[in-house]
There are 2 protein chains.
Amino acid sequence: MKVSTAEPGTAVPAAVDDRLFLQGVQRTMQLLEAFSRHPRPLSLAELAAAAGLDKSSVQRIAHTLQALGYLDRQPNGLAPGKKLLDRGFDFLRTEPLIERAVPVLHELRKAIPERVDLSLFDDTSVIYAVRLQSKRETFSATLVGRRMPTFCTSGGRAILAALPEAEAEAVLARSDRTPLTPSTITDLRGLRARLAEARRDGFALCLEESLRGEITLGAAVRDAEGRPVAAIHVAASLAEWEPAAFRRLAPLVLHAAEALSRMR
Amino acid sequence: MKVSTAEPGTAVPAAVDDRLFLQGVQRTMQLLEAFSRHPRPLSLAELAAAAGLDKSSVQRIAHTLQALGYLDRQPNGLAPGKKLLDRGFDFLRTEPLIERAVPVLHELRKAIPERVDLSLFDDTSVIYAVRLQSKRETFSATLVGRRMPTFCTSGGRAILAALPEAEAEAVLARSDRTPLTPSTITDLRGLRARLAEARRDGFALCLEESLRGEITLGAAVRDAEGRPVAAIHVAASLAEWEPAAFRRLAPLVLHAAEALSRMR
DNA sequence: TGCCGCTATATCGCTGAGCGATACGGTCGC
DNA sequence: GCGACCGTATCGCTCAGCGATATAGCGGCA
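Within each chain, residue numbers correspond to sequence positions counted from 1 in written order. Just so you know, chain letters begin at A and ligand numbers begin at 1, following the order they were written in. At least 70 in pLDDT is required for a residue's local features to be given in this predicted model, at least 80 for side-chain atom pairs to be given and counted, and no such filter applies to totals for whole chains, interfaces and linings, which use all residues.

Here we come to the protein's contact with DNA strand D. The criterion for a residue being near a molecule or strand is simple: its C-beta atom, placed using the backbone, must lie within 6 Å of it. In the vicinity of DNA strand D, 16 residues are found, and the nearest of them are Ser56 of chain A together with Gly24, Ser43, Leu44 and Ala45 of chain B. We count a stretch as a helix when DSSP gives it H or I for four or more residues in a row; a strand needs E for two or more, and each element gets its number in order from the N terminus. For the surface near DNA strand D, the secondary-structure elements that each account for two or more residues are α3 (55–68) of chain A together with α1 (23–37), α2 (44–51) and α3 (55–68) of chain B. Residues are grouped as follows: nonpolar covers Ala, Val, Leu, Ile, Met, Phe, Trp, Tyr, Cys and Pro; charged covers Asp, Glu, Lys and Arg; every other residue, Gly included, is treated as polar. Of the residues belonging to the surface near DNA strand D, the class tally is three nonpolar, nine polar and four charged.

Here we come to the protein's contact with DNA strand C. Taken together, 16 residues surround DNA strand C, and among them Gly24, Ser43, Leu44 and Ala45 of chain A together with Ser56 of chain B come closest. Residue assignment for the surface near DNA strand C shows that the elements contributing at least two residues are α1 (23–37), α2 (44–51) and α3 of chain A together with α3 of chain B. Of the residues belonging to the surface near DNA strand C, the class tally is three nonpolar, nine polar and four charged.

Moving on, we get to the sheet that holds strand β3 (residues 115–122) of chain B. Residue and element names in this part refer to chain B. A sheet is described by the order of its strands in space; here six strands give the open sequence β5-β4-β3-β8-β7-β6, paired in antiparallel fashion. Two strands bound the open sheet, and with one partner strand each, they are β5 (147–149) and β6 (204–207). Between one strand and the next, the sheet's axes are offset by a mean angle of 30 degrees, whatever the strand orientation. Judged from the six bridges that link them, β3 and strand β8 (residues 228–237) form a sheet pairing that is antiparallel. In the strand pairing of β8, Arg115 is matched with Ala235. Two strands are said to pair when DSSP picks up at least two bridges between them. What counts as an axis is a line fitted to C-alpha atoms, over the stretch in contact for a helix, and the angles between N-to-C directions run from 0 to 180 degrees.

Moving on, we get to α1 of chain B. Every helix has an expected span of 1.5 Å times one less than the residues it contains. Between the first and last C-alpha of α1 of chain B there are 21 Å, a value that for 15 residues agrees with the 21 Å anticipated at 1.5 Å per step. The reported bend at a residue is simply the angle between two axes, fitted to the 7 residues ending at it and to the 7 residues beginning with it. At Leu31 of chain B, α1 of chain B shows its largest kink, close to 25 degrees. Remark: C-beta atoms are placed from the backbone, and a residue is labelled buried if 20 or more other C-beta atoms sit within 10 Å of its own, exposed if 12 or fewer do, or partly exposed between those counts. All of the buried residues along α1 of chain B are Val25, Arg27, Thr28, Met29, Gln30, Leu31, Leu32, Ala34 and Phe35 of chain B. In this fold, the buried residues of α1 of chain B make contact with α1, α3 and α4 (83–94) of chain A together with α2, α3 and β2 (77–80) of chain B. By the convention adopted here, residues make contact when the C-beta atoms placed from their backbones lie within 7 Å.

Superposing chain A onto chain B requires a rotation of 180 degrees together with a translation of 0.0 Å along the rotation axis, leaving an RMSD of 0.0 Å. Expressed as an axis order, the relation between the two copies is that of a two-fold axis. Residue Gly88 of chain A, judged by its C-alpha, is the member of chain A lying nearest the rotation axis, at 2.7 Å. Here 100% of the interface residues in chain A have copies in chain B that are interface residues too; the copies meet face to matching face. When the copies are superposed, the least-squares fit takes in the C-alpha atoms of residues with a pLDDT of at least 70 in both.

Residue-level contacts link 51 residues of chain A with 51 residues of chain B. At the level of secondary structure, the elements contributing two or more residues to the side of chain A that touches chain B comprise α1, α3, β2 (77–80), α4, α5 (96–111), β3 (115–122) and β4 (125–132) of chain A. Ranked by residues supplied to the side of chain A that touches chain B, first place goes to α4 of chain A with 11 residues. The residue inventory of the side of chain A that touches chain B, partitioned by class, reads 27 nonpolar, 13 polar and 11 charged.

Before going further, it helps to spend a moment on the pairing of β6 of chain B. Within a regular strand, the side chains alternate between the two sheet faces. Residues and elements named next belong to chain B. Pairing analysis gives four bridges linking β6 to strand β7 (residues 214–222), with the strands arranged antiparallel. Its bridge partner lying in β7, Leu207 is registered against Ile215. Here β6 folds back onto β7 in antiparallel fashion, the turn holding six residues, of which Glu208 has a positive phi close to 55 degrees.

Residues and elements named next belong to chain A. Strand order in this open sheet of six strands is β5-β4-β3-β8-β7-β6, and the pairing throughout is antiparallel. The two strands at the open ends of the sheet, each matched to only one other strand, are β5 (147–149) and β6 (204–207). Across this sheet, the average inter-strand angle for adjacent strands is 30 degrees, counted without regard to direction. Direction of pairing for β4 relative to β5: antiparallel, over a ladder of three bridges. Across the sheet, the residue bridging to Ser125 is Pro149, located in β5.

A few words now on the environment of Ala49 of chain B. Of note, Ala49 of chain B is situated in helix α2. Sequence separation of Ala49 of chain B and Ala34 of chain B is 15 residues, and the distance between their C-alpha atoms is 8.9 Å.

Right, let's talk about the environment of Asp187 of chain B for a bit. You can see Asp187 of chain B is positioned in the loop between α7 (165–174) and α8 (188–201). On a C-alpha basis, the gap between Asp187 of chain B and Arg177 of chain B in space is 8.3 Å, while along the polypeptide they are 10 residues apart.

See the structure below:
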């Protein structure tokens, strides 16, 4: 049985051996995932290489996905189709946290005229799920659905701090800790110190750790069992805020996160 | 050959007979699409019924999708997984119009302190792709990825007006013209009159046609061939705007749409 | 003009992936 | 305890689909 066909240089899935595991489904998703590494129209051959599949399979899968609206034929290749947005939207609509978060975030935005976000915890990354732009809002390059590393974002740190220490440690160990800016803390000692601080304060503060000139403050949102599942965070420009002044916003953010944790 | 297994009452896909069409792929997407009709956690049996598949297949497909992160196991059933957001994000990143639109929309937002959106044209519906909230912004119930009918939104009408008349007529004929509010224009005569107006003015104005108390104004964005592919629109509350005053914003919206059409 | 490299598209026989019926065990509510 | 639901597991038959291969079309280069 051919279990794993790991080609060198291509990101190939973990081989799963399981009577109920359909590799046809896996191949389908692999093909769609190819665009996350190559965000541009791809030819069939490129798609095959990027997804780690043979050309014939790609031809058939792509043909089918295109017929269903999940791939879009462009002059210079195939691109993700509009229907993918619908599926992401299904997720947002089904996740009750999102709906509950919107009024809480707006309330917070009223008090703090800066960017206010909700991110969902997903192991080594967090995902922007709701985003309220700041008043001036320079460039909202970051869109809903964007993933950020857990270890170097204020929301992610707040979540790690709310996790049992062993689990937080495990997430850090699994993380790719490539620095995003010169200020990103990547060493385990430094990170542990920050988590200890966050555990004590109930929130996390990050200074230019994911974007230069940006200061962010995040607090964890917990589910019914008390486990952290998301974070509320605010982000502002260092050009306009003294860190000490920004830090004074913490009670507002904490209050919002706690309110959202209690709603259900 | 069993071609179509259309069960009564369930939305079942068009049967496609094609040597290159993989029904395994179709089944996979059908399963994921089930949540668009039932946005809540579903049991295997519910999922089977909603997707029009048999229980065994659903067991296998769902098992696989869950292993891949596209379904999430909840206490009371299966729900869409976070990875679906990633795929939607891939679409947004790959579509060059989105990136180009952001600065244009911000520029427009500076001049008009109301909600400013970009929607993509997709036949009988348009999809919100970029959304800038208004200053006060009461409830942003509408999220990125949401579909709205083309025929009764200002952006959709502006697009239809920019299309060759026969094509616009075909879209209208295909559309499900269920009214969204008491003011929604649904009869073909009335719609044709509105399209004629929009063709003359270069923009479309809708009064409470998709949401009570809301006035919207939209203009089409065209691709390199001059075909409409998207629309920029602004939305405001009738409690704060006289229709005549709102209409005077048209040049700003038109200018933005034209600027975006020329960028590439 | 012809060759090469790229593309997409189409064909076809073999075979094992996966279909779907069926069975099993747990947990509710009546 | 019965029935109805849940998820889970098993298994033999068969046709979906794998993947090698062939064809056709479109520039670019010599």
